[in-house]
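# Structural overview for review
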Amino acid sequence: MPLPKKLTLFGIPWKIKLFKPTGWLSHEHRGMTVFGAKEIHILQDSNEKSTLLHELIHVAEEMTSAGLTEAQVVALERGLWNIFETNPQLLTYFNERTTKPTNNSTIVQAILELGRSSNDDPSDHGYEREI
Ligand SMILES: [Zn+2]
């Protein structure tokens, strides 16, 4: 399956764009999330999938106001990538449980609510925020 060109993230349409390994971006970054334009740019190479996962974690982090550092995003990318690579049946299982996504799904609302409440007092939610 080719890289999807469009995704709906938290009820918002996003564009996914591939770029070739030339130019300044590829020297230090494999991907970039442009929140204002709702675009994710992915370097065209052998790590496209894990790079997309990394950028999706950035989107989730932003939408939930989790306050993750880049190192924490990288750790989540590597950890989740390992889990999904070792257990591909998990993706099938998750897909079967979300057969009717909508823009106003209760899951989206719950995640957005989590982001709002985590801004109130992070200590109530069992994690610390790095500043
Ligand atoms: Zn990053």
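Refer to the structure above for everything that follows.
Residue numbers here run from 1 along each chain, matching the order of that chain's written sequence. Reporting in this predicted model follows two pLDDT cut-offs: at least 70 for local features of residues, and 80 or more for side-chain atom pairs to be given and counted; totals over whole chains, interfaces and linings ignore these cut-offs and use all residues.

### Thoughts on the pairing of strand β1 (residues 6–9)
Rules: Strands qualify as paired when DSSP identifies two bridges or more between them. Put simply, DSSP marks the helices as runs of H or I at least four residues long and the strands as runs of E at least two long, and each gets a number from the N terminus on.
The pairing of β1 with strand β2 (residues 12–19) spans four bridges and is antiparallel. Each residue of the ladder has a partner; that of Leu-9, found in β2, is Ile-12. Counting the residues in the hairpin turn of β1 and β2 gives two residues, including Phe-10, whose phi is positive at 55°.

### A few points about unusual backbone geometry
Quick note on the threshold: As a rule, residues whose C-beta atom has 12 or fewer other C-beta atoms within 10 Å are exposed, those with 20 or more are buried, and those in between are partly exposed; C-beta atoms are placed from the backbone.
Of note, the phi angle at Phe-10 is positive, near 55°, even though the residue is not glycine. You can see Phe-10 is positioned in the loop between β1 and β2. Phe-10 sits in the partly exposed class, given 18 other C-beta atoms within 10 Å. Look at Ser-65: it is not a glycine, yet its phi comes out positive at around 50°. Locating Ser-65 in the fold gives a position in the loop between α2 (48–64) and α3 (70–86). For Ser-65, a count of 16 C-beta atoms within 10 Å puts it in the partly exposed group.

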